[in-house]
Amino acid sequence: GNYYLNPSSAEVRNYLVNSISEICKNYAVDGVQFDDYFYPSLNDSDSAKSFDKAEYDASGSSLGITQWRRENVSMLVKDVYKAVHEARPQAVFGISPVALLSNLRSDKSYFVDIDKWMASNEYIDYIMPQLYHGFEAKTKTGVLAPHSYINCLNSWVDLKKKSNSNVKLYIGLGLYRAGKNIKDGNSVSEWLRYNDILLRQVKAARETGEVSGFGIFAYQNFREAPAALELDNLQTAFTNQ
């Protein structure tokens, strides 16, 4: 029921690259950032949930369909990286993917070859995973969730350490959760009990020695009352340096 720009199509890839190149040539942008969507969840046994299967069958590729999809995404990302730097050398290109590396490495969705990107200087200047969950996020069974902040931070830091490249690791912080009743597996949401979560997240990231900066999601939340105390505390991390 949705429309997608098919990453397997050279026409699609060229359209996106040319559009981004036009922006970089004509506007004083500091950079270009992609969000976390590349492929939706697919099911190759269901024709309604495998929109690029026909292209794969026609391609004659020797690759399995999963790796073929990853290569489609990587070709697009590599071409965008090149276009950004050719059009505006001082600009940067980065991606803000989902927090769980296991999701990015899935054979059913995303089809992101994150290990290749992180090990190379030809795909991205930075990666900024969306580490929006809190320290105390739990599963339904009450144990610390794989997507909890520290678990995700550690996995990205480990990947960064293993990557022999200049790709910078930034952390995306979820200001939109501050002061709100976010379901996180606790009887009372962590986001209602504390107003220094983002501050502690910044401190934990800095202690790793591998994190180069931070992004905040989202802009409109800076003006929301529930986020005020969280912002007051967060600000001390950047003013007391």
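Computed from a predicted structure; not experimentally measured.

## Focus on the pattern of salt bridges
Enumeration over the complete set of coordinates arrives at 10 salt bridges. Put simply, Arg70 and Asp107 hold a salt bridge, and the shortest N to O gap is 2.9 Å. Here Asp107 lies in the loop between helix 4 (101–104) and helix 5 (114–118) and Arg70 lies in helix 3 (residues 65–87), a separation of 37 residues in the sequence. What makes Asp107 partly exposed here is its relative accessible area of 45%.

## Notes on the environment of Asp196
As for its placement among the helices and strands, Asp196 is situated in the loop between helix 7 (190–193) and helix 8 (197–207). Taking the C-alpha atoms as reference points, Asp196 and Asn233, separated by 37 residues in sequence, lie 5.8 Å from one another.

## Regarding the packing of helix 6 (residues 149–162) against helix 8
Contact geometry for helix 6 and helix 8: axes closest at 11 Å, N-to-C directions at 25°. Between helix 6 and helix 8, the angle is such that the two are roughly parallel. In this structure, helix 6 meets helix 8 at a crossing whose hand is right-handed. Here Tyr149, Ile150 and Leu153 of helix 6 lie close against helix 8, whose contacting residues are Gln201, Val202, Ala204 and Ala205. When its residues are assigned to classes, the contact of helix 6 with helix 8 shows 6 nonpolar, 1 polar and no charged.

## Considering the sheet that holds strand 5 (residues 211–217)
The parallel open sheet is built from 5 strands, whose spatial order is 1-2-3-4-5. In this open sheet, the two strands that pair with only one neighbour each are strand 1 (31–34) and strand 5. Against the sheet, helix 8 contacts strand 4 (168–174) and strand 5, and its axis sits at roughly 165° relative to strand 4.

## Regarding the layout of surface pockets
Counted as a void, the largest pocket has a volume near 260 Å³. If you go around the largest pocket, you meet 13 residues; those closest to its centre are Leu5, Leu16, Tyr37, Phe38 and Leu76. Where the lining of the largest pocket is concerned, the elements lending two or more residues are helix 1 (10–26) and helix 3. Sorting elements by how many residues they give to the lining of the largest pocket places helix 1 first, with 4 residues. Looking at the lining of the largest pocket residue by residue, the class counts come to 11 nonpolar, 1 polar and 1 charged.

## Examining the packing of aromatic side chains
The relation between two aromatic rings is expressed through the spacing of the ring centres and the mutual angle of the planes. In total, this model carries 12 aromatic pairs according to the counting rule given. Ring geometry for Phe38 and Trp117: centres 5.9 Å apart, planes at 70°, overall edge-to-face. With Phe38 in the loop between strand 1 and helix 2 (53–59) and Trp117 in helix 5, the pair connects residues that are 79 residues apart, well separated along the chain. Note on Phe38: relative accessible area 14%, which makes it buried. Using a relative accessible area of 0% as the deciding quantity, one classes Trp117 as buried. One aromatic cluster in this structure is built from Tyr4, Tyr39, Phe51 and Phe111. When the ring centre of Tyr194 is taken as reference, the NZ or CZ atom of Arg200 above it lies at 5.0 Å. We note Arg206 situated over the ring of Phe238; from NZ or CZ to the ring centre the distance is 5.1 Å.

## Quick notes on helix 1
Here helix 1 is 17 residues long and its end C-alpha atoms lie 24 Å apart, about the 24 Å a rise of 1.5 Å per residue gives. The set of residues buried in helix 1 consists of Val12, Arg13, Val17, Ile20, Ser21 and Cys24. Around the axis of helix 1, the buried residues are gathered within 160° of arc, so they sit on the same side. Within helix 1, the exposed residues directed more than 90 degrees away from the buried face are Glu11, Tyr15, Asn18, Lys25 and Asn26. Of the surrounding elements, those touching the buried residues of helix 1 are strand 1 and helix 3. Two or three places before Glu11, at the opening of helix 1, Ser9 has a side-chain oxygen 3.2 Å from that residue's backbone nitrogen.

Conventions and cut-offs
- Residues numbered from 1 in each chain as written.
- Predicted model: local features only at pLDDT ≥ 70, side-chain atom pairs only at ≥ 80, totals over all residues.
- Heavy atoms only, no water.
- Salt bridge = Lys/Arg side-chain N within 4 Å of Asp/Glu carboxyl O.
- Helix = DSSP H or I, 4+ residues; strand = E, 2+ residues; numbered from the N terminus.
- Buried < 20%, exposed > 50% of the residue type's maximum accessible area, 1.4 Å probe, protein only.
- Axes fitted to C-alpha atoms, helices over the stretch in contact; angles between N-to-C directions.
- Parallel < 35°, antiparallel > 145°, perpendicular 65-115°, else oblique.
- Left-handed = near helix turned anticlockwise from the far one by under 90°.
- Contact = heavy atoms within 4.5 Å.
- Nonpolar A, V, L, I, M, F, W, Y, C, P; charged D, E, K, R; others polar.
- Pairing = 2+ DSSP bridges.
- 1 Å grid on protein atoms, 1.4 Å probe; cavity = no way out; pocket = protein on both sides within 12 Å on 5 of 7 lines; lining within 4 Å.
- Points joined across faces, edges and corners; volume = space filled by probe spheres on them.
- Phe/Tyr/Trp six-rings, centres within 6.5 Å; stacked < 30°, edge-to-face > 60°.
- Lys NZ or Arg CZ within 6 Å of the ring centre and 35° of its normal.
- Expected span 1.5 Å × (residues − 1).
- Arc of directions from axis to C-beta.
- Polar contact = N/O pair within 3.5 Å; in protein donor to acceptor, adjacent residues only side chain to side chain.

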